[in-house]
Each structure stands twice: as structure tokens, then as C-alpha cells.
Amino acid sequence: MNGGILDMAVSPEEVRHVAWLARLRLTAHEERLFSEQLSNILAHVAKLQELDVEGIEPTFHVLKTLSNVYRPDEVRSWPELREVVQAAPQQRDGLFAVPRVLPEGEDEVSAKNEKDG
Amino acid sequence: MADAVEVVIGLEVHVELKTESKIFCACSTRFGSPPNTQVCPICLGHPGTLPVLNLKALELAVRAALALNCKVARYTKFDRKNYFYPDLPKGYQISQYDAPLAEHGWLEFRVDGRMRTARIRRVHLEEDAGKLMHDEVTGETLVDFNRCGVPLIEVVTEPDLRSPREARAFMEELRAVLQYAEVSDCRMQEGSLRCDANISLRPRGATDLGTKAEIKNLNSFRALEKALEYEVARQTRALERGERLVLETRGWDEGRQVTVPLRTKEEAHDYRYFPEPDLVPMTLDPEWVEQIRRSLPELPSQRMARFQAEYGLPAYDAGVIVASRRLADFFEECVRHYPHPKTVSNWVMGQVLGYLNSRGLEPEELNFEPERLAELLRMVDEGVISVSVAREVFEEAVSTGKSPRALVEEKGLEQLSDTGALAAVVRQVIEEHPSPVRDYRRGKVKALGFLMGQVMKKTAGKANPQLARRLLEEALATEREETP
Amino acid sequence: MRKMDEGCLTDLSVHQLRVLLERGEVAPRDVHEAYVRRIEEVDDQLNAYITVCPDFPPELENRHGRPVFPVAVKDNIMTRGIRTTCGSRILARFIPPYDATAILRLKERGLYVLGKTNMDEFAMGSSCENSAFGPTRNPWNLDAVPGGSSGGSAAAVAAGEAPWALGSDTGGSVRQPAALCGVVGMKPTYGRVSRFGLVAFASSLDQIGPITRDVWDCWVLMRALCGHDPLDSTSAPGQAPIPPPQSVESLGGVRIGVPREYLGPGVEDAVRDAVLKAVGVLEELGARAEECSLPHTEYGLSAYYIIAPAEASSNLARYDGVRYGHRTCQASSLLDMYELTRQEGFGAEVKRRIMLGTYVLSAGYYDAYYLRAQKVRTLICRDFERAWARYDLLAAPTSPTVAFPLGERTADPLAMYMADVLTIPVNLAGLPALSLPCGFARGLPVGLQLIGRPFDELTLLRVAQAFQQATDYHLYRPVVGGEVDG
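Residues numbered from 1 in each chain as written. Chains lettered and ligands numbered in written order. Predicted model: local features only at pLDDT ≥ 70, side-chain atom pairs only at ≥ 80, totals over all residues. Heavy atoms only, no water.

This brings us to the overall build of chain C. For chain C, the helix and strand inventory stands at 14 helices and 13 strands. Computed over C-alpha atoms, the radius of gyration of chain C comes to 21 Å, within 12% of the 23 Å expected from 2.2 N^0.38 for 486 residues, which places it in the range of a compact globule. Principal axes of the C-alpha set define a box for chain C whose edges measure 65 × 55 × 45 Å. When the accessible area of chain C is evaluated, it comes to approximately 14600 Å², of which 50% is carbon and sulfur surface. Averaging the locations of the 48 positively and 56 negatively charged side chains of chain C gives two centres separated by 5 Å. (Helix = DSSP H or I, 4+ residues; strand = E, 2+ residues; numbered from the N terminus. Rg over C-alpha atoms; globule rule 2.2 N^0.38 Å. Areas by Shrake-Rupley, 256 points an atom, 1.4 Å probe, with all protein chains shown as cover. Lys, Arg positive; Asp, Glu negative; His and termini not counted. Charge placed at Lys NZ, Arg CZ, Asp CG, Glu CD.)

And the structure:
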């Protein structure tokens, strides 16, 4: 599994790390299943390594001549915003409410550290 | 130890641009509105919404880059910076990564009488996030998205600053330059200017940077300076004890005046940057950029030079006045109405700044027209009031908003400059205080001060001091001659 | 299957309905009620709809003779006040506060929303089996898939549950279900139709497209949908409206390329035969066809399954329970709220693609995967650019197979992904393409795919129109399940 530019196998540890980056709480079964399925998919898409892409520019936008799209600096208020805030999963006095955030994402990191053991 | 070690500081500054509407949607950018009243599906990250760039934000960013002597890119684009946080609706921030708007600039600033230069690594555009508040009662975090989507530029310096004082001086000049360029109000209290610092120590002469600490939560220039001073001490102590420093993020605790660890930099997010597919790239026409450069207002250093040349102000005075755009505008407008620059500059540096500093106000918050100061100074020239009365009138005029002339009339503060009336008072005082008079005539010059005081007392402070002194001296002198 | 019945309102194309409405032989309400009845009749078996709007909109009562038409809309297009779920639990109760630009344009022209159709969750799928609301079934065979991700829209049009519909196409999601359901489906040139209000899957590939009974209806919807939108920075400016694809005597002078890579071993024999026979019809009409090559075709699937999931992983980060949609009830911390909300809200395929996309963008992998895939995309674009020197359009099958059985590929993601191998390169290159019915195999429809130059939808529509005038595949209708034939 080692060697070559890319190691296509995705280990369960990597799966857990990627799941954390994507904020998905996978079950143990999903961790195993995705480890296998992602490895298969990556093995398949690795066929792109066959090609020589030296000097080829990437195509991030297919409309190659479209650039410099702007709008003027004008204010327009949106009349129905009241209903949007009211429809939030949890709100308090016009503010969106979420469980307590500790400074600088500390709880997220420590929670992850706890999970990883 | 101190001399063998060098302090290395770099700054990351976020500046809110002065546009009417947000960077990618038409919501207002006004500060201070009730929460979530300046939002729409776009800045709230609703499904299906898309960003469109505010041209004015781009213009102001280019202006800022030019004012900081940067090279503006011909080709620039936006990228997505992906991470999860409640103040970030889309789960990514639209920012710039590998093709920023501008690079390789510099800013010259004065510190302790010397000129120093710090290089600007890059200036790029990005969108601001919302604001978090903590509800102590429910234990929840509450989010206001009014600020989300306000256009920002991020200004990153090279680690060229060598002391906390330099860092502060740099920030003060940066603020002045950006205010002058009319790019931002730069008000740290309102959050339109934010600053993080990276600081490390290294052996003098070394080229690597040393292990750095990133300092956040700096709410004022004073906090910046104090936090960096604390860090220099902390890192020095650690090195002296032979401890290994770790790459970390620390926050300034204003209450305890210390920095505290927030998270280690190793745990920093993997932002998974990739080019923003919803926005097309920008190719900036050099002619358009030149036009912006030509339309740049006079910057602080230029204005300072001009104040010295045109008004004959000494460098120090000029430097103090141009530090704030508002103050410099105030000075010039006042001189337009009252063409005695040195007097005006003394008043601006003295009374005006004194007033602002004692109340913790910024020059932008000064509620006093330059014409009013001119009016006040003319009254002193005309002898209507004395200088010390003028100082009181100034304080009153700024607090109440009334015109100096109105106040003087209202309170009957006009000087007594009637020679006849004043001479009568002088004679009275001389009669009533023979002892000090004798002292004076015997050579005790200080007695004059006492007699002046009596004249002022009798006239309730309104005597024109110069006239009163002259009359007093004349009266005492004539009598003096008569003594054998 | 049966031939269409001109006396049955829900069998007619929209341009046929228009004639009846203009003559006053039928009123808009009659049309509306016919469709609502049809939905009640067959949707229990098909499950093409997630939300039906059974009431005729009162504001359309008095449009002074100007015809109004119902349209079914894929459930990833924002419709103000009408629940929009994207086939997902995470938006199961979401009511949009605004209309997509495409919807506003249709409303301006007298269309109204009949209902929101079923789809693979967040448009990720090729069979409509990835919906949180159950699979849609193919009206031609209830044990087969209708294709995906716009399976609900295609099935609804095929079964007479809607006169026409909107879908979205990122890797074939309009064309492939259209082919599997025997209807017409078109993907516009990237940038033709505004994406504002289309829930993003892969931003550099997504387009809204029409699904219709025939080519003329397709043109009518295209004309209504296409146009620059200042709310979409990737919207193409300066578009001229597409002229009507007037019927032509002959297709003389039209040069058709048939890429050999699109007729390889993965393509079912019956599909290959039907498509080559269809090309033969075009030649009889005067076109010249010959084999050509798009050598990088085999790399399209790999490039797509890096680029699309990468963009999707970022586009779906906003579903976090903070401002709208589902939020877990079990959160005792912020991390819980994020992880549980998304775990509860997203289905397996969506999670798989988010994981894949996050992985290929993560530190150390960006160059080897995402950047390389975008460079391969350039090579695929160049293949097409070279073809346009010799050909006016390309012809190929839309799908390698006819509709496959429900459940056949759900355990093997890669096998499922192969369904889009012939449609994906078109999205990577941003080209226009359409699928139209060209035959049957085992009672299931076969689709002919026509691929055109950027912004040359007209040529595709003209050739397709000529084909439909010379053939009658588009006049067949499925007999749904327990229905009595005739």
C-alpha cells in the first residue's frame, strides 16, 4: 500500500479525520464501509495519474472569457427578513441561538481530542 | 541577555472598507443596527444563493494597496477558506489565497524620532463574519449576522517590527494612511480595524524567525503595545529558564494584563482552499489602477511635509496634527479663517487634543467647528477676552455646542479693557495694599504678582491682563520715583 | 406501452394544449384538474412527487385569455412558500423565502408550480434511489429506476403527471433520466440559465434544464429560462434568445460526429443499435455522419468524481443546523450540534461524496487530486474543441444501458457512477446537449444524445426537431402499473 505518488487506501484513522473535517459523526460500521468504498473510488480515479498534464492550465471556469463581473454599491433592504429569523431552528430575541461556543473554537478541539483519546 | 536577543514582530490587520453595501449582496453595512436587520438570503447562506462582487469594495481595496505602496496584481481571484463556525453561514469564507489583490508594499512610520519602514507582504479582499455573543443566563451563544458580508481587506506585514513601540507606531501610521485614503473609518472600538500580532525572539543576527506566538483579542493600540511587552518578558523568561517555546495562539486578557494560551497552532484548521467557483476572476486594467492612484487623496506623510513648508510648522507639531485626518482637516480649515498657523497649532495640540484625550474621544468625535476656534482666537486678538478665559470658553463651547461669542456675551466674560476704568481699579488696589506696594518699591518684584492678583480679583478676572500689568507698573513706577 | 391519445389532456404536449386553450376549447382550470387527477391516479405507484400544489392559483384566474401552464419543478430549485427539500431529511421542512430566478422567469410567462418532484438527495445519484422520500419508479416498468438525479421530473412528464418539468444537470441528471423515461431533456450551455436559486451541488457544472414531451416544448422552456442574471456571476452576458427550431426540409450540410469512445463495450447492444439506427435516420434526412474520436473520454468519470464531490463538500457545509433546516435535538455542545445534525440529516451517498470531496481537497492532496482533475478537464475540453473544426454536433447514446432494476447498483457506488459515463464529459466542457427518445429495448426507452458547440442550442434543437418529425418514438406513452391499457 505504500509507494508511488499516491497511497490510494484510506485508513479508518484517515476516515475519522476526514469525518471530523466534514463534521459528520459516522458510526463504526460507516467508518469501515467508507474506508473501503473511498479506497475503491480513489483507486479508480487514480487513473488520472496516467496522463501527462505538464504545462496544462486547469479549467476552473468553463466560460473562459467571462471575467470582471461586478455590481454597484447600492443598498437594497430585504422586506421578509423577519420571517427568516423566526423560522430559525433556535432563536432568542432576533438572534440565532446555538450551544455555547468557547473562545477560539476551544471546545471543538478539546472535544475532538477527547474523542481521539 | 537583552541585547543578544532580537524581538521579531509581524502584524495581520483586518480593515472594514467604507462601502454602503456588503461585499457580495446589497445589504447595508451600517454599524449599530438591531441584530439581524441587515441580512438577506445571500449573506445568511441560504441554499441556492450566489455572491456578486461590489465594485466599490474592489476600488477601495486597490486604493488601500496603492496607499501602502504595493504592486497591484494584473490577475486576481477569490478562493474558499473552508471551516465550521457559527458566525460563518456558508461554512466557508470567500477570501483570497494564492492570487491576492496586491503584494510587496511598504509603510514608513516615525517612532521615537526615527523613521522606520515595515514591508507589507500582501493586501487581499475577503468577507467579514457575523458576531457572537454569549448569553450568561441560558448558556447559549447568540449570533448576529449584520456584520456578515461586510467587505474587509487583510493587510499582512513581513516580520519587520522590532519592538512593541514600533508595532504601535506602525499601526498608528497605518490607521492614518487608511483614513486619509478614505478606505475605512479605522475605529477599533467599532471593529472596523482589528489586529493580530505574531511575536518571537531570536538571537541577534540569526535569520530564522524563532518560535512565534500569535496574539489575538487586541482591542486598542494600547492593548497591542502592552500585550507585546508582556510577551517579550514572558518569552525572555522562558528562554532564560531553558524552556522550549511552542508555536501557539494566545489571547490578551485586558483584566489581568497577561496573555493566555488559546489553542496550539498545530490544531489549526485545514482550510482546504480552492478557487471560488461562483465568482469569476478579475483582470485589472493598469489604466484603471493608475486612475485610482492619481485620485488618491494626500497621504499623511505628504501632508506633514506640506504643513511644514506651507505653514512653517515644526516637524513635531506637523506630525502630531497629521496623525488624524480629522485633526489635520480641522487645523487647515481653522487656519483658513484665522491665518496664524502657529497659534492654531498650539491650540489644536493643547486644548483640542487635551479635551479629546481627557474624555477618551477620537478626533472624529470632536463636536466643534474649526470656524468656532477661529472665532475664539479672534476674540483674544481683539482683546475681548483673555487667553485664560478663552480656554474656559473653549471647554464650554465644545460641551454645550454654543458659539464662543454667544457664551462670552451670555456670561459677561468680556475683558475689562477700558483704560480709565482699569486705572481706577489699579489706584484702588495700590491704596488698599500699601505693604506689598512698599515691598515692590524696595525691589521685591514678586509683590507685583500679588497686586496683579488683587486687580484680577476686583475685576472678577475680567481685567485685560496685559493692560492691567502695564497700568499697575506705570502707577507703581511713578510713585517709586518719588521715593528718595 | 401505447400511442398517445389526442383526446387525453395529460397526453398532449404543451404546444398542443396551447392551441386548445387559445381556441377556448379548454380552460386552464381544466388542464390543472386533469393533471391533479392524474397525479392522484398514479403517483402512489410512481412516487414522482414530494410536494403537490393541488389548488389552482387564484391570481391566475383572470389572465385575460393569455394561457397559463403548470410545470413540475425538481425539488432542488427554490420556490417561494413551497417546501423545497432537495430529497433530503436535512431540509425536509424547509420553506424557501425566495424564488429562484428561473422560477421568476417562468412565472412572468404565465407558468405556475404544479408540484416539487423527487430526486436523488442533493442531486447526487443516477437512479433516484438516494431520496429520503423513497425511490421514484420508472413509468415504463415499475421495477426499474427512472434514472437520476431528476428522476421525479422525468417520470412525471413520461407518465402524464406534468406537461413539462424542470430538472438540473451536473453530470447528466437531466439527460439520463430523460433517456430512461423516453422523454426529451436538455442541458443548456453552462451560464445560459441562472443558477440563482438552484441549490448548488457542483457549482462549476450545475445547470437547470427542461424535461418535456417533445423538442418544440423543450425550445419553448429554453427560451423562457435562458438569459443573463445579475444575481449570478457565472451567468453568460449578452445572450441572444434562441430562435425557434423551424422544421427544415433537409439536414443537408449538417456534419455529425459519432465518437467511438461513446460506443464502447460498456454500452448495451440494443442501445448501440438504436442509436446507430437513429443516426441513419439523420443521414436519410441529409446529414453527413462519421465516426470520430474524443480520446480523453475514459478520464471524464475520474475527473468528475474528484471535481464534483470537492465542490459539493464545500457547498453542503452550510447545512449545519444554525440558521435553517434540521437541527438535532441531542446537542449538548456545538460539536454535537454540527456532527449529529449532519449525520441525522444526510443520506449515505451524500455523506460518501462529502467525505470524498473533503479528502481530495485536504492538506497534501489538493495538487494530486483536485488540481490534476481540473487539468484533465482542460484536455477533455480540447477534445471537443478539436471536434468542432470538423463537425456541427456529435451524436451518441445518452446512457450505456436502458433503465436498470431498482436495487441493482445500490451496493456498488462505482457501478452506479458508470451510468453517467456518457453524459459527464459534456458537463466538464460546459457544452449544450439534449437527449431524445430514439427507440425501445425490452419495452424500455433508449435515448439519443446530441452534443453541440457552446451556445449553439439551435443546431441541436433543429436536428432533434427534424428527427422527431421523421419518427414517432416521442408519441408513445407508458401504461403505468395497474392501469388498463387503452
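Along chain B, the regular secondary structure elements total 15 helices and 17 strands. The C-alpha atoms of chain B give a radius of gyration of 30 Å, which is well past the 23 Å a tight globule of 484 residues would have. Over its C-alpha atoms, taken along the principal directions, chain B stretches across nearly 100 × 55 × 55 Å. Classification of the 484 residues of chain B by burial places 55% in the buried group. Looking at chain B alone, contacts between residues at least 24 apart form 69% of all its contacts between residues at least 6 apart. Of the roughly 21000 Å² of accessible surface on chain B, a fraction of 49% belongs to carbon and sulfur atoms. Of the charged side chains in chain B, 67 are positive and 76 negative; the average position of the first set lies 3 Å away from that of the second. (Buried < 20%, exposed > 50% of the residue type's maximum accessible area, 1.4 Å probe, protein only. Contact = heavy atoms within 4.5 Å.)

Turning our attention to the packing of aromatic side chains. A full pass over the atoms with the stated rule returns 33 aromatic pairs over all chains. Where Phe60 of chain A meets Tyr370 of chain C, the ring centres are 6.4 Å apart and the plane angle is 15 degrees; that geometry is what we call stacked. Linking Phe60 of chain A in the loop between helix 2 (28-45) and strand 1 (70-71) with Tyr370 of chain C in helix 11 (residues 367-387), this pair reaches from one chain into another. The pair formed by Phe60 of chain A and Tyr370 of chain C is uniform in burial state, with each residue classed as buried. Counting every residue linked through ring pairs, the aromatic cluster contains Phe94, Phe122, Tyr319, Tyr324 and Phe346 of chain C. Over the ring of Tyr92 of chain B we find Arg80 of chain B, and its NZ or CZ is 4.0 Å from the ring centre. (Phe/Tyr/Trp six-rings, centres within 6.5 Å; stacked < 30°, edge-to-face > 60°. Lys NZ or Arg CZ within 6 Å of the ring centre and 35° of its normal.)

To continue, consider the nonpolar core. Nonpolar side chains in soluble globular proteins generally cluster together in the buried interior. Counting 198 residues, the largest nonpolar core has Phe122, Phe384 and Leu450 of chain C as the members making the most contacts within it. Ranked by residue count, the leading element in this core is helix 11 of chain C, at 10 residues. Once you skip the residues sitting within four places of it in the chain, Phe122 of chain C turns out to touch Cys86, Ser88, Ile90, Leu91, Val199, Phe201, Leu316, Tyr319, Phe346 and Val350 of chain C. One finds Val155, Leu218, Phe331 and Val344 of chain B within the second-largest nonpolar core, a separate group that totals 106 residues. (Core = buried A, V, L, I, M, F, W, Y, C linked by side-chain atoms within 4.5 Å.)

We now examine the pairing of strand 4 (residues 111-117) of chain C. Residues and elements named next belong to chain C. Across the seven residues of strand 4, seven count as buried, placing the element largely inside the fold. Strand direction decides the pairing type here: strand 2 (residues 49-52) and strand 4, joined by three bridges, are antiparallel. Bridge assignment links Tyr49 to a residue of strand 4, and that residue is Thr117. When strand 3 (residues 69-74) meets strand 4, the two strands line up parallel, connected through six bridges. When the sheet's bridge partners are listed, Phe69 is paired in strand 4 with Leu111. (Pairing = 2+ DSSP bridges.)

Now for the interface of chain A and chain B. With 37 residues of chain A at the contact, the number on the chain B side is 55 residues. Both faces combined, the contact of chain A with chain B buries some 4000 Å², and carbon together with sulfur accounts for 60% of it. Counting across the interface, chain A meets chain B through one salt bridge. For Glu140 of chain B, the salt bridge is made with Arg92 of chain A, and the minimal N-O distance between the two is 2.5 Å. Across the chain A-chain B interface, the total number found is 19 residue pairs in polar contact (both at pLDDT 80 or more). Those elements giving two or more residues to the side of chain A that touches chain B turn out to be strand 1, helix 3 (81-86), strand 3 (95-99) and helix 4 (106-116) of chain A. With five residues, strand 3 of chain A is the largest single contributor of residues to the side of chain A that touches chain B. Within the side of chain A that touches chain B, the residues separate by chemical class into 20 nonpolar, seven polar and 10 charged. (Buried area = accessible area lost by both parts, 1.4 Å probe. Salt bridge = Lys/Arg side-chain N within 4 Å of Asp/Glu carboxyl O. Polar contact = N/O pair within 3.5 Å; in protein donor to acceptor, adjacent residues only side chain to side chain. Nonpolar A, V, L, I, M, F, W, Y, C, P; charged D, E, K, R; others polar.)

All names here are of chain C. Residue placement: Val42 occurs in helix 2 (residues 28-46). For Val42, a relative accessible area of 1% puts it in the buried group. Considered as a pair, Val42 and Glu161 are 119 residues apart in the sequence and their alpha carbons are 8.0 Å apart.

One can read the domain layout of chain B as domain 1 (2-291), domain 2 (298-411) and domain 3 (419-482). For domain 1 of chain B and domain 3 of chain B, the distance between their C-alpha centres works out to 65 Å. (Domains from an automatic or database assignment.)

Before going further, it helps to spend a moment on the interface of chain C and chain A. Taken together, the 70 residues of chain C in the interface contact 58 residues of chain A. Summing both partners gives a buried area of about 5600 Å² for chain C against chain A, and 68% of it is carried by carbon and sulfur. Of all residues in chain C, Glu339, Met355 and Arg372 of chain C give up the largest surface area on contact with chain A, accounting jointly for 13% of the area buried on that side. The tally of links between chain C and chain A comes to four salt bridges. In this structure, Asp336 of chain C engages Arg25 of chain A in a salt bridge whose closest nitrogen and oxygen atoms are separated by 2.8 Å. Elements represented by at least two residues in the side of chain C that touches chain A include exactly helix 8 (300-315), helix 9 (334-345), helix 10 (348-361), helix 11, helix 12 (413-417) and helix 13 (424-429) of chain C. Here the element with the most residues in the side of chain C that touches chain A is helix 11 of chain C; it accounts for 14 residues. Class assignment of the residues belonging to the side of chain C that touches chain A gives a composition of 41 nonpolar, 16 polar and 13 charged.

Here we have three strands laid out as an open sheet, ordered 6-5-16 (chain B), and antiparallel in their pairing. In the strand order of this sheet, the two ends are held by strand 6 (92-95) and strand 16 (274-275) of chain B, each with one partner. Taken together, the four bridges between strand 5 (residues 79-82) of chain B and strand 6 of chain B define a ladder with antiparallel strand orientation. Bridging from a neighbouring strand, Lys81 of chain B pairs with Gln93 of chain B of strand 6 of chain B. Taken strand by strand, helix 8 of chain C contacts strand 5, strand 6 and strand 16 of chain B, and its axis lies near 60 degrees from that of strand 5 of chain B. (Axes fitted to C-alpha atoms, helices over the stretch in contact; angles between N-to-C directions.)

This part takes up the environment of Gly401 of chain B. Residues and elements named next belong to chain B. Looking at the secondary structure, you find Gly401 in the loop between helix 10 (387-400) and helix 11 (404-411). Placed 29 residues apart in sequence, Gly401 and Arg372 show a C-alpha to C-alpha distance of 9.9 Å. With residues up to four places along the chain from it excluded, the contact list for Gly401 reads Arg372 and Glu396.

Residue and element names in this part refer to chain C. Inspection of every chain in the model, using the stated rule, returns zero disulfides over all chains. Cysteine Cys218 shares no disulfide, and the gap to the nearest cysteine sulfur, in Cys226, comes to 9.5 Å. No disulfide involves Cys381; its sulfur sits 16 Å from the nearest other cysteine sulfur, which is in Cys292. (Disulfide = S-S within 2.5 Å.)

A word on the packing of helix 6 (residues 215-225) of chain C against helix 14 (residues 457-470) of chain C. Residues and elements named next belong to chain C. Two elements in contact, helix 6 and helix 14, have axes whose closest approach is 9 Å; the angle formed by their N-to-C orientations is 155 degrees. Classed by the angle they form, the pair helix 6 and helix 14 counts as roughly antiparallel. Facing Val215, Trp216, Cys218, Trp219 and Met222 of helix 6, the residues of helix 14 in contact are Glu457, Leu461, Ala464, Gln465 and Gln468. Of the residues in the contact of helix 6 with helix 14, the class split is seven nonpolar, two polar and one charged. (Parallel < 35°, antiparallel > 145°, perpendicular 65-115°, else oblique.)

In this section: the sheet that holds strand 2 of chain C. All names here are of chain C. With mixed pairing, the 11 strands of this open sheet are ordered in space as 2-4-3-5-7-6-11-12-10-8-9. For this open sheet the edge positions go to strand 2 and strand 9 (288-292), each flanked by a neighbour on one side alone. Strand-to-strand, the axes of this sheet are offset by a mean angle of 30 degrees, without reference to chain direction. In this structure, strand 8 (residues 255-259) lies alongside strand 9, joined through five bridges in parallel fashion. Note that in strand 9 the partner of Gly257 across the bridge is Glu290. Strand contacts of helix 6: strand 4, strand 5 (164-169), strand 6 (184-187), strand 7 (207-212) and strand 11 (433-441), with the helix running at about 150 degrees to strand 7, the strand carrying the most contacts. Against the sheet, helix 7 (residues 269-284) touches strand 8, strand 9, strand 10 (393-397), strand 11 and strand 12 (444-452), its axis set at about 55 degrees to strand 12.

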